[in-house]
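Listed below, chain by chain, are the residues.
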Amino acid sequence: MVSPHGVQLATHLISSFYGDLCSKVCECLLRRGTLTLAQIIRFTELSRENVINCLRVLIHQNCVQAFAIQQEGAFGEAPRIITQYMALFDNMIHKMRAPKFMQIVSEELGKDCLGIFQGLIQHGRLSINQIIDRNEQTAGSADVHVVRESFNRLLIARFIERCPAPEPFLAPPADGETPAKKRGAKSAKIGEERQTTEQRALAAAAPMDSMRFLMEMDDPSEEKSEECTNSVTVGEKRKQDVLKSDEDALDADKKKEVLWRVNFEELVRRLRHKACVSYVKMRINDEAAIVLSAMLELSRHSETRQKAENSAYLSINAIYDEVIKKEGGLGMDFERIRASLEQLGCQCLETGVDENYSIDIKGIIESAQTEEVESVVLRRYGREAYRIFRLLSKAGRFLESDKISDTTFVEKKDTIKILYKLWKDDYLHMEKVMTSGAKQSLFLLWRVNKEPLREHVLDEMYHAALNLRLRIAHEQDKGKEILQLPREKLVGELEKRYKLLGKVRVILESSLMNLDEAIMLFHDF
Amino acid sequence: MAFRGRGRGRGGFGGGGFRPAKQEPLELFPEIEGLGTAEYSTAQIELIKWSSGLHKYCNSSPYYYEDRSERPEKVDKPDIERYSDRNLHSGKVRPPLWHFIKLDADHVPTELARGEKKQKLVKRVRWNPESDLQKLDLFEKLEQKHQGQEGTEKKENEEEEEDGGNEEDEGEFSDEGDYEQAEYCDDDEDDFNMADDNNDEPFY
């Protein structure tokens, strides 16, 4: 389930992009979970036409996924198939960081690809013909080959992918357990099943791995050039005739126009790597950062999961080749690379002659998260609280108040005060232990629970991001009159206010971008 | 915005206690002590410009869904039209949804799909909301010189708009001249189109 402020932030984002009606539907789905069309109409109290159009927009913009499920009939009725809709929270929040994705594409692939990518961000889903059409109107050039080439480059880099199926059918669970009939079921068991249903729906909707980044063979004249591209695009090795037979088998969908969308997974992965490298650069040194970025780039293609824990095992030679290609890495030799690998805490696997190293990405992310939380504690509660929190966080187990006070050299009274404050704000977990026997005394045990703490901090960040967005909207609103004036009229006092508005906007938006990095650190990385 | 009115009700509550409730003025963003000052840096100004451009596009696109029944058929102009009212009703002309979203059963769930009979081919989908306005500007100028151009403009109107209740679009086409002129005076368009503008200049 999504945290409360996360829901509010997502709703606000949808409202600012797609209007209040869409945001009502979103909020309903986020708060109440997966629903059918009739239920959405009932809960949002909107007209049927409005709900249908909102769902069309939201599905098109990748914020909602539909799936068909079999529902047991009541009292002797035959089971019927109903369509349910689930909210895609992550994709909603991604709307906020679209400029960062655009920056990645722009830096890596250039302006032409950025144009296509921007279209996909704006429209959510587009077919290749729509992309060509749009490019004609926005970029002014009617050269189809340039567009197709840029499109292929985006495909090869895996920044775009095929859209998922609009309504996959989920077969009833094999063990014969019937899914919940009523939405209002409160038992945890049903909650667990619902979780699995949504995951199953996403898995069923996703295009096959082999098809996901495969360019469609729609035009016979294009086939020749595309065959060459296909052998590069497809991740696995295939023979040409196998490819053809696959396409023939999909003849049925040939008539169906393929829609393409932004591949958030790959973009988030890039941001994740960027964050790791900058963290290491700050924590250790530049050289380690260069080695790390080389390793992450090499193992990028073998990362199948969203949040890969370890990179693939890479040989020292491969690492060396990649490192010298990077700027600043030219002067590095094997010894220095080995030293950096040591500093990074890489696991070495020696198989005969080869030395293979793998990096623990998850460990880096967790250290970054811990540091972030500790800095928040330092800022909010002071240095002593910071020491206490660090002690508990490193210990990873229960510590008693007196022991904490002794280890951190803080007065007992202050320790208790600080501990209570942290506990009240959900940063610590407390347990009371009463010893019975000759001497009855109450011991207070304190501990940092990583997982609930992470969620709590994430919720606070969503809250902060929401406040920032509200403030930006408020400032825009306040300066409405000035913004509508043509430039010539902005002189003297008005010009000063105008410039001030600009500065305020830049400060607030930059803060939001920085906060967003922290949000990603806790949620997506 | 949905949240703006939220705090209003909080002002005078609290009655039923020992003292009467004190009416405090509502402060939407109260001052917080010890917050420090934020630094102004233009490191991310390109991102901010992109973000602003995306927002603007979305607000003028059909994806910003509004209730058709709530929109008045005829826009009532107030008696004394203020300068800030000029842009109020003119920005509402949006292309229909199905210009951009494929509503057949292959791409959307069956219960949301639209019937085949309404899927006429669209002659020209407006991907770039400004490109049409530029063409209109040209027409406006030609119209002033040659009266005959009015016929071409009307033909364009009818060609573009299909069924689906687009009468208000035709009616408002003449208003777009006003809108488009004001837009051109506005400085937000500059930053959307020209990337080499002065960094200080805004991107509203």
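Computed from a predicted model, the values in this text were never measured in an experiment.

Visitor: Quick question: what am I supposed to make of the UniProt feature "domain: DNA-directed RNA polymerase III subunit RPC3 winged-helix" (unreviewed entry) in chain A here?
Guide: The positions that UniProt labels "domain: DNA-directed RNA polymerase III subunit RPC3 winged-helix" (unreviewed entry) are, in the present scheme, residues 373–444 of chain A. Helix and strand shares over residues 373–444 of chain A are 60% and 18% respectively, and the end C-alpha atoms of the span are 23 Å apart.

Visitor: What is the right way to read the packing of aromatic side chains from this model?
Guide: The relation between two aromatic rings is expressed through the spacing of the ring centres and the mutual angle of the planes. Counted under the stated rule, the structure contains 10 aromatic pairs over all chains. Ring centres 5.9 Å apart and planes at 40° place the aromatic pair A:Phe17 and A:Tyr18 in the tilted group. Overall, A:Phe17 belongs to the buried group, its relative accessible area being 6%. Three or more aromatic residues link up through ring pairs in this structure, and these residues are A:Tyr381, A:Phe389 and A:Tyr427. For the cation-ring pair, A:Arg42 lies above A:Phe43, with the distance from its terminal atom to the ring centre recorded as 4.9 Å. A cation over a ring is seen here: A:Lys503 above B:Tyr40, with NZ or CZ 5.2 Å from the ring centre.

Visitor: Quick question: what am I supposed to make of the nonpolar core here?
Guide: Residue and element names in this part refer to chain A. If you look at the biggest cluster of nonpolar residues, it comprises 145 residues, and the most contacted ones within it are Tyr 85 and Phe 117. If one sorts the elements of this core by residue count, helix H23 (residues 450–478) sits on top with 10 residues. Once residues within four sequence positions are removed from consideration, Phe 117 is found in contact with Phe 101, Met 102, Val 105, Leu 154, Phe 159, Val 262 and Leu 267. Phe 67, Ile 69, Leu 170 and Ala 201 belong to the second-largest nonpolar core, a separate cluster that totals seven residues.

Visitor: Would you mind showing me how to read the pattern of salt bridges here?
Guide: Two side chains of opposite charge can pair, provided their charged atoms sit close to one another. Residue and element names in this part refer to chain A. In total, this model carries 25 salt bridges over all chains according to the counting rule given. A salt bridge links Lys 326 to Glu 297, with the nearest nitrogen and oxygen atoms 3.0 Å apart. One end of the pair, Lys 326, is in the loop between helix H17 (316–325) and helix H18 (334–344); the other, Glu 297, is in helix H16 (residues 286–299), with 29 residues separating them in the sequence. A salt bridge links Glu 495 to Lys 499; the nearest nitrogen and oxygen atoms lie 3.4 Å apart.

Visitor: Explain the sheet that holds strand E8 (residues 314–315) of chain A to me, please; I cannot follow it from the model alone.
Guide: Strand pairs in the sheet, formed through backbone hydrogen bonds, run parallel or antiparallel to each other. All names here are of chain A. The three strands lie next to each other as E8-E10-E9, forming an open sheet whose pairing is antiparallel. If you trace the sheet from one side to the other, it starts and ends with E8 and strand E9 (347–351), each paired once. Both E8 and strand E10 (residues 354–358) contribute to a ladder of two bridges, which runs antiparallel. Opposite Ser 315, over in E10, you have Asn 356 as the bridge partner.

Visitor: Would you mind going over the sheet that holds strand E4 (residues 126–127) of chain A with me for this structure?
Guide: Residue and element names in this part refer to chain A. If you walk across this open sheet you meet the three strands as E4-E7-E5, and the pairing is antiparallel. Two strands in the sheet have a free side with no partner beyond their single neighbour: E4 and strand E5 (160–162). Bridge count for E5 against strand E7 (residues 259–262) is three bridges, and the pairing is antiparallel. What sits directly across from Arg 162, in E7, is Trp 260. Relative to the sheet, helix H7 (residues 111–123) contacts E4, E5 and E7, its axis offset from that of E7 by approximately 95°.

Visitor: I would appreciate a short explanation of the interface of chain B and chain A in the present structure.
Guide: Quite often, the size of an interface is put as the accessible area lost when its parts meet. Residue-level contacts link 64 residues of chain B with 73 residues of chain A. At the boundary of chain B with chain A, total buried surface from both sides reaches about 6,500 Å², with 61% on carbon and sulfur atoms. Seen at the junction of chain B and chain A, the total is one salt bridge. Note that A:Glu257 and B:Lys102 form a salt bridge whose closest N and O atoms lie 3.1 Å from each other. Where chain B packs against chain A, one counts 14 residue pairs in polar contact (both at pLDDT 80 or more). Listed by contribution, the elements that provide at least two residues to the side of chain B that touches chain A are helix H1 (45–60) and helix H5 (188–193) of chain B. The residue inventory of the side of chain B that touches chain A, partitioned by class, reads 32 nonpolar, 14 polar and 18 charged.

What counts, and at which threshold
Residues numbered from 1 in each chain as written. Chains lettered and ligands numbered in written order. Predicted model: local features only at pLDDT ≥ 70, side-chain atom pairs only at ≥ 80, totals over all residues. Heavy atoms only, no water. UniProt positions renumbered as here; feature names shortened; annotations may be inferred. Helix = DSSP H or I, 4+ residues; strand = E, 2+ residues; numbered from the N terminus. Phe/Tyr/Trp six-rings, centres within 6.5 Å; stacked < 30°, edge-to-face > 60°. Buried < 20%, exposed > 50% of the residue type's maximum accessible area, 1.4 Å probe, protein only. Lys NZ or Arg CZ within 6 Å of the ring centre and 35° of its normal. Core = buried A, V, L, I, M, F, W, Y, C linked by side-chain atoms within 4.5 Å. Contact = heavy atoms within 4.5 Å. Salt bridge = Lys/Arg side-chain N within 4 Å of Asp/Glu carboxyl O. Pairing = 2+ DSSP bridges. Axes fitted to C-alpha atoms, helices over the stretch in contact; angles between N-to-C directions. Buried area = accessible area lost by both parts, 1.4 Å probe. Polar contact = N/O pair within 3.5 Å; in protein donor to acceptor, adjacent residues only side chain to side chain. Nonpolar A, V, L, I, M, F, W, Y, C, P; charged D, E, K, R; others polar.

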